[in-house]
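What follows is the residue order along each chain.
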Amino acid sequence: MKSVKRAVRGYVLLEALVALLIFSLGLLGMIGFQAASTRIVTDTRFRTEAAILVDELISKMSVDQRVNLASRYVYDSSTGVKGAATDAWFTDRVVGASKLPNAGAKVEVVNGEALDTMAVTVTLTWVMPGAIKASSTAKEKEQAEGKYVTSTLLY
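The notes below deal with the structure included here. These numbers were taken from a predicted model, which means no experiment stands behind them.

What counts and what doesn't
- Residues numbered from 1 in each chain as written.
- Predicted model: local features only at pLDDT ≥ 70, side-chain atom pairs only at ≥ 80, totals over all residues.
- Heavy atoms only, no water.
- Pairing = 2+ DSSP bridges.
- Helix = DSSP H or I, 4+ residues; strand = E, 2+ residues; numbered from the N terminus.
- Contact = heavy atoms within 4.5 Å.
- Axes fitted to C-alpha atoms, helices over the stretch in contact; angles between N-to-C directions.
- Salt bridge = Lys/Arg side-chain N within 4 Å of Asp/Glu carboxyl O.
- Core = buried A, V, L, I, M, F, W, Y, C linked by side-chain atoms within 4.5 Å.
- Buried < 20%, exposed > 50% of the residue type's maximum accessible area, 1.4 Å probe, protein only.
- Parallel < 35°, antiparallel > 145°, perpendicular 65-115°, else oblique.
- Nonpolar A, V, L, I, M, F, W, Y, C, P; charged D, E, K, R; others polar.
- Arc of directions from axis to C-beta.

**Some thoughts on the sheet that holds strand E4 (residues 118-127)**
By way of backbone hydrogen bonds, the strands of a sheet pair with one another, either parallel or antiparallel. Taken in spatial order, the 5 strands line up as E2-E1-E3-E4-E5 in an open sheet, and their pairing is antiparallel. Since the sheet does not close on itself, it has two edges, and those belong to strand E2 (81-82) and strand E5 (145-154), each with one partner. Running at roughly 145 degrees to strand E3 (residues 104-111), helix H2 (residues 66-73) makes contact with strand E1 (75-76), E3, E4 and E5 of the sheet. Where helix H3 (residues 84-97) meets the sheet, its contacts fall on E1, E2, E3 and E4, and the angle it forms with E3 comes to roughly 155 degrees.

Printed below as a string of structure tokens:
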């Protein structure tokens, strides 16, 4: 009779350990889902902010005189080409007021085929915070960089 009670006690302890293991795995899965959803929400917030900023710049360009577009708006933050109007927008709005981390911008203005039209391409880039480490591969760096591109025709 005593040996049967000992076997039952060990079985209950084993059941408790298995239940704890299953609970722990479920909890780790939930933490993984939370981390993924946080990353997606952050990326979405940055893309929305980039869309608003680019739309703001294109609106300014659409009301400016076409002869001024190439000289005032051509911009590339990586090479140092800076049109005055775009530089003011980038400094005040993108760097100063937005939450885009390590932002960069490129604005291309090309004469359109029709008279008094301009083809404009605006590219806004950023780097996700804490995403790039010194040992990152090229694929990891590409995934850590955000990019928003808009092309339009001003007439």
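Picking up after the structure, the text goes on.
**Describing the pattern of salt bridges**
Tallying each qualifying case throughout the model produces 5 salt bridges. Between Asp-43 and Arg-47 there is a salt bridge whose closest N-O contact spans 3.2 Å. With Asp-43 and Arg-47 both in helix H1 (residues 2-63), this residue pair falls 4 residues apart, about one helical turn.

**Focus on the nonpolar core**
Ranked by internal contacts, the top residues of the largest apolar core, which has 25 residues, are Met-61, Trp-89, Val-107, Val-109, Val-120 and Leu-124. Where this core is concerned, the elements lending two or more residues are H1, H2, H3, E3 and E4. Top element by residues in this core is H1. It accounts for 7 residues. When near neighbours in sequence (up to four residues on either side) are disregarded, Val-107 contacts Leu-57, Met-61, Tyr-73, Val-74, Tyr-75, Thr-86, Val-120, Thr-121 and Val-122.

**As for the packing of H2 against H3**
Where H2 contacts H3, the two axes come as close as 5 Å, and the packing angle between them is 55 degrees. By the angle between their axes, H2 is oblique relative to H3. Between H2, through Ser-71, Arg-72 and Tyr-73, and H3, the contact on the second element is made entirely by Ala-84, Ala-85 and Thr-86. Here the contact of H2 with H3 is built from residues that sort into 3 nonpolar, 2 polar and 1 charged.

**Section: H2**
Among the residues of H2, those classed as buried are Arg-66, Leu-69 and Tyr-73. Looking straight down H2, one finds its buried side chains confined to an arc of 40 degrees; they lie on one side. Of the exposed residues in H2, those oriented more than 90 degrees away from the buried face are Val-67 and Ser-71.

**Some details on the environment of Val-122**
Along the chain, the position of Val-122 falls in strand E4. On the basis of relative accessibility, which here comes to 0%, the residue Val-122 falls in the buried class. Distance from Val-122 to Leu-57, taken between C-alpha atoms, is 8.7 Å for residues 65 residues apart in sequence. Aside from chain neighbours lying at most four places away, what touches Val-122 is Val-54, Leu-57, Ile-58, Lys-106, Val-107, Tyr-148, Val-149 and Thr-150.

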